Amino acid sequence: MNGPTTAPLLALRDLHVTYATDAGLLRAVRGVDLAVESGQIVGVAGESGCGKSTLASTILRLQAANATVTGEVLFEGRDVLTMRWGDLRAVRWAGASIVFQGALHSLNPVHRIGEQVAEPIRLHTPGLGDASVRRRIAELLEQVGLDPERARAYPHQLSGGQKQRVMIAMALACDPQLVVADEPTTALDVMVQAQVLDVLSALVRERGVGMLMISHDLSVLADLCDRITVMYAGRVVEEGPAAQVFADPLHPYSGALSAAFPRVGDPAARFAPAGLPGDPPDPRQLPGGCSFAPRCPRAAEVCLPAEPELASYAEGRMAACVRIGDPTDSPVELVAETTARDGDPS
Amino acid sequence: MTAELSAHGLRVEFATRTGRVARALDGADLIVRAGEVVALVGESGSGKTTLARALVGLLRPAAGEVRWDGRPMNRSARGLKALRRQVQLVLQDPLGALNPRHTVYESVAEGLRIHKTVAHSGRSETELVAQALASAGLRPPEALFLRYPHELSGGQRQRVLIAGALALQPQLLIADEPVSSLDASIRGEILALLLKLREELGLGVLVVTHDLGMAWNIADRIAVMYLGRVVEAGPTEDVLTSPRHPYTKALLSVVPEIEGLEPVVLRGEIPDPTRIPAGCRFHPRCPALASGEADAVADDCRGTRLAILSGEPEGHRCACHLVASREEAPHDPASRAAT
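Residues numbered from 1 in each chain as written. Chains lettered and ligands numbered in written order. Predicted model: local features only at pLDDT ≥ 70, side-chain atom pairs only at ≥ 80, totals over all residues.

A closer look at the overall build of chain B
Here comes step 1: Each helix and strand counted, chain B has 15 helices and 11 strands in total.
Here comes step 2: A globule of 339 residues ought to have a C-alpha radius of gyration of about 20 Å, and chain B, at 21 Å, matches this closely.
Here comes step 3: Seen along its three principal axes, the alpha-carbon backbone of chain B occupies a region of about 65 × 45 × 45 Å.
Here comes step 4: Taking all 339 residues of chain B together, the buried fraction comes to 53%. (Helix = DSSP H or I, 4+ residues; strand = E, 2+ residues; numbered from the N terminus. Rg over C-alpha atoms; globule rule 2.2 N^0.38 Å. Buried ≥ 20, exposed ≤ 12 C-beta atoms within 10 Å, placed from the backbone.)

Some details on the overall build of chain A
Here comes step 1: Each helix and strand in chain A was counted, giving 10 helices and 12 strands.
Here comes step 2: Looking at chain A residue by residue over its 346 residues, the buried ones come to 49%.
Here comes step 3: A separation of at least 24 residues holds for 65% of the contacts in chain A among residues at least 6 apart in sequence. (Contact = placed C-beta atoms within 7 Å.)

What to know about the pairing of strand E3 (residues 37-41) of chain B
All names here are of chain B.
Here comes step 1: Most of E3 sits inside the fold, with five of its five residues counted as buried.
Here comes step 2: What you see with E3 is no split at all: Val37, Ala39 and Val41 on one side and Val38 and Leu40 on the other are buried throughout.
Here comes step 3: As paired strands, E3 and strand E8 (residues 204-209) are joined by five bridges and run parallel to one another. Paired with leucine 40 across the two strands is valine 208, which belongs to E8.
Here comes step 4: Pairing geometry for E3 and strand E9 (residues 221-226), over four bridges, is parallel. Pairing of valine 38 across the sheet is with arginine 221, part of E9. (Pairing = 2+ DSSP bridges.)

A word on the pairing of strand E7 (residues 178-182) of chain A
Residue and element names in this part refer to chain A.
Here comes step 1: Burial runs high along E7: five of the five residues are buried.
Here comes step 2: Residues of E7 alternate between two faces, with Leu178, Val180 and Asp182 on one and Val179 and Ala181 on the opposite face, all of them buried.
Here comes step 3: The pairing of strand E6 (residues 96-99) with E7 spans four bridges and is parallel. Bridging from a neighbouring strand, valine 99 pairs with alanine 181 of E7.
Here comes step 4: Sheet topology note: the E7/strand E8 (residues 210-215) ladder contains five bridges and is parallel. What sits directly across from aspartate 182, in E8, is isoleucine 214.

What about the interface of chain B and chain A?
Here comes step 1: At the junction of the two partners, chain B supplies 42 residues and chain A supplies 42 residues.
Here comes step 2: Elements with a minimum of two residues in the side of chain B that touches chain A: helix H6 (125-135), helix H7 (154-166), helix H8 (184-201), helix H9 (212-218), helix H10 (236-241) and helix H11 (246-253) of chain B.
Here comes step 3: It is H8 of chain B that contributes the most residues to the side of chain B that touches chain A, 11 residues altogether.
Here comes step 4: Of the residues assigned to the side of chain B that touches chain A, the class counts are 22 nonpolar, 12 polar and eight charged. (Nonpolar A, V, L, I, M, F, W, Y, C, P; charged D, E, K, R; others polar.)

Quick word on the sheet that holds strand E11 (residues 317-318) of chain B
All names here are of chain B.
Here comes step 1: Sheet architecture is open: seven strands sit in the order E6-E7-E8-E3-E9-E10-E11, paired in mixed fashion. With one partner strand each, in any of the chains shown, strand E6 (87-90) and E11 form the two edges of the open sheet.
Here comes step 2: Here E6 runs beside strand E7 (residues 172-176); their pairing, made up of four bridges, is parallel. Counterpart to valine 90 in the pairing with E7 is alanine 175.

A word on H8 of chain B
Residue and element names in this part refer to chain B.
Here comes step 1: Look at H8: 26 Å from first C-alpha to last across 18 residues, which is about the 26 Å you get at 1.5 Å a residue.
Here comes step 2: Burial of H8 is extensive: 13 of the 18 residues sit out of reach of the surface.
Here comes step 3: Just downstream of H8, glycine 202 is the residue with a positive phi angle, here 65 degrees. (Expected span 1.5 Å × (residues − 1).)

Describing the nonpolar core
Here comes step 1: In this structure, Ile174 and Val224 of chain B are the most contacted members of the largest nonpolar core, which totals 210 residues.
Here comes step 2: Those residues in contact with isoleucine 174 of chain B that lie beyond four places of it in its chain are Ala52, Leu55, Val56, Val87, Leu89, Val90 and Leu206 of chain B. (Core = buried A, V, L, I, M, F, W, Y, C linked by C-beta atoms within 7 Å.)

A look at the sheet that holds strand E5 (residues 71-72) of chain B
Residues and elements named next belong to chain B.
Here comes step 1: One open sheet accounts for four strands, arranged E2-E1-E4-E5; its pairing is antiparallel. Every interior strand has two partners, whereas the edge strands, strand E2 (21-33) and E5, have only one.
Here comes step 2: Bridge count for strand E1 (residues 4-15) against E2 is 10 bridges, and the pairing is antiparallel. Counterpart to leucine 5 in the pairing with E2 is valine 32.
Here comes step 3: Sheet contacts for helix H1 (residues 48-55): E1, E2 and strand E4 (63-68); angle to E1, the most-contacted strand, approximately 115 degrees. (Axes fitted to C-alpha atoms, helices over the stretch in contact; angles between N-to-C directions.)

Description of unusual backbone geometry
Here comes step 1: Here the residue pair arginine 139 of chain B and proline 140 of chain B is connected by a cis peptide bond, since its omega of -5 degrees sits within 30 degrees of zero.
Here comes step 2: Along the polypeptide, proline 140 of chain B turns up in the loop between H6 and H7.
Here comes step 3: Here aspartate 175 of chain A, not a glycine, exhibits a phi torsion of approximately 50 degrees, which is positive.
Here comes step 4: As for its position among the elements, aspartate 175 of chain A is in the loop between helix H6 (160-172) and E7.
Here comes step 5: The class of aspartate 175 of chain A is partly exposed, set by 13 C-beta atoms lying within 10 Å.
Here comes step 6: With a phi angle near 55 degrees, phenylalanine 271 of chain A is a residue other than glycine that sits in the positive phi range.
Here comes step 7: Secondary-structure assignment places phenylalanine 271 of chain A in the loop between helix H10 (252-260) and strand E11 (311-314).
Here comes step 8: For phenylalanine 271 of chain A, a count of 18 C-beta atoms within 10 Å translates into the label partly exposed.

Topic: the packing of H10 of chain A against H8 of chain B
Here comes step 1: For the pair H10 of chain A and H8 of chain B, the least separation of the axes is 8 Å and the interaxial angle reads 55 degrees. Here H10 of chain A is positioned oblique relative to H8 of chain B, judged by the angle of their axes. In this structure, H10 of chain A crosses over H8 of chain B, and the sense of that crossing is left-handed. Of H8 of chain B, the residues touching H10 of chain A (which contributes Ala256, Leu257 and Ala260 of chain A) are Ala184, Ser185, Arg187 and Gly188 of chain B. (Parallel < 35°, antiparallel > 145°, perpendicular 65-115°, else oblique. Left-handed = near helix turned anticlockwise from the far one by under 90°.)

Remarks on H6 of chain B
Here comes step 1: All of the buried residues in H6 of chain B are Leu128, Val129, Ala130, Ala132, Leu133, Ala134 and Ser135 of chain B.
Here comes step 2: One or two steps after H6 of chain B, the chain reaches glycine 137 of chain B, where phi turns positive at roughly 85 degrees.

Overview of the environment of arginine 135 of chain A
Here comes step 1: Locating arginine 135 of chain A in the fold gives a position in helix H5 (residues 130-143).
Here comes step 2: With 167 residues separating them along the chain, arginine 135 of chain A and valine 302 of chain A place their C-alpha atoms 62 Å apart.

Points about the environment of isoleucine 214 of chain A
Residue and element names in this part refer to chain A.
Here comes step 1: Positionally, isoleucine 214 belongs in strand E8.
Here comes step 2: Sequence separation between isoleucine 214 and alanine 181 is 33 residues, and the spatial gap between their C-alpha atoms is 6.1 Å.
Here comes step 3: Excluding anything up to four places from it in sequence, isoleucine 214 contacts Val44, Lys52, Ser53, Ala56, Ala181, Asp182 and Glu183.

Notes on the environment of serine 135 of chain B
Here comes step 1: Locating serine 135 of chain B in the fold gives a position in helix H6.
Here comes step 2: Along the chain, serine 135 of chain B and alanine 163 of chain B lie 28 residues apart, while their C-alpha atoms are 7.1 Å from each other.

Some details on the confidence of the model for chain B
All names here are of chain B.
Here comes step 1: Of the residues in chain B, 95% reach a pLDDT of 70 or more, and the chain-wide mean stands at 89.
Here comes step 2: Within the model, the stretch residues 330-339 combines pLDDT values under 50 with 22 contacts to residues more than four positions away or in other chains.
Here comes step 3: Here the prediction assigns the complex a pTM of 0.84, and the interface score ipTM is 0.81. (pLDDT = per-residue confidence, 0-100.)

Structure follows, in structure tokens:
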């Protein structure tokens, strides 16, 4: 564990990621600041294409070859983006590790899972004997709630939830201080999701690791995280304590995400699924002004001239919306019965 | 009369490589009528997709029967074709379900051609395709005719699939996880579309899902499946706000949005359907049995089979020895009717 230092475990400072594509420059991440402390779970929420997975890839400098990254990714105060190759290798796995999205495809189908978990261990502790490696594998599998015997299984012999546990066991193999989990429970059903989330939160509670968890499901993040950052079109639109961002969102986009996962038992949600019309903007052709304005139920003239900056609204709560607290504004009304995505089918 | 699709004591078996028989459905009863939205929920492996497929005749049951409008399903090629015009299956994963080399127009028109619907309707194929796309909320429809699936967003693809089903003017839609692969902001719109179709066309919808929040959003009734059987069924409000079966309670307790419920995370996964436990099929994972709460009926839980829950739409029913003992005799007669 990290002692009380001034530098957080992970800090992103003014991070920009731009992809060079045939169709022009694609600005996937546009000036994101974010911090994760040891023992803390920070959630990043947003739709497909909001830049959240791109952001995760930069943490271990795993971004695609056509990406240009500027800003800083500070791991324990040292910039991962400019680090020497040898130092970066030490940070990967042992400092920070990633649980990738889609465990179902990330495991090698022709290797036993024990061998796959062993790979990073052998790479990072070359002198370790076979018996010790085997012991470590058993320990890791047990830690994620799998029978150590399963080390001999091939991926196809495991269920989706079990594969996801193997991915987590791998991520823990070298005792990292930071775990980045990219949609760790997407495609798992609700009971298995609960089991996997239990494993993750136990990890943070018992071993004091820091965790960055990426998901489109705000309700899962609200349950698990200490803080949530909501991203839209490559920028942070809201940041704050998890429960407050979910229950009482400041930004209209956070509000829409929150309403998309109805509370069972809430009479207002019966026969009234909430959605958000329209698509996120094409990151190659961002609109001027607030990039959410074209879909925003509260958009007004004032949103058009410039992209709003993150501003503080309450203790520990930030949002980037000029309409918050606007006296002429009506309270956020989330569209209950939405019009259809491409026009109203009446 | 109202169109009604029903399963009665349906059993579907698959041979496994080891020679044992996996019983994916083991006595499932369910009724879906035009004009209502029914949610079929459960974990992966509970048999919900198998039941949906058996209902449109894609699987042949080993026992029990499927009825359409009160008559046993006609399994001749012609009979199945007629059934599948009226009962349309909307598959999960819109990208996988659409032919990447077919335009939107082709995808929607395919069903019309197979069923030779154009000749009977007195309208042109183009009109029918346009109408179906418009009903699925894709407007203006002509703008999408020549687009390919890869050019569409996830929500649009799902709408194209729904349009393909609507083109045949079915009475029932069976939608398997219609929103699970979609982004949060699009989910609501697809669900709103299903409700709108029910409203405007009187369509019945069976949604197969593991998402209880979605069931709360749109379903009139809900049936909870476990290991090939419905274990609790009733009006959505009753089942989700006062669940009776320990399995339903556990499922609800782990839905992230629900506050105030102590999460009951069940260990492990649904057992292998080649070895359905004796007695109550849920007993090896049952938190009530494990905690001693069900001590009084523990012998029944471990050794006495439960009756198949009737699929009748009325009432809130549950297949559980503990619940039955608490309700005291005489039991809800409907839950005892079928054996």
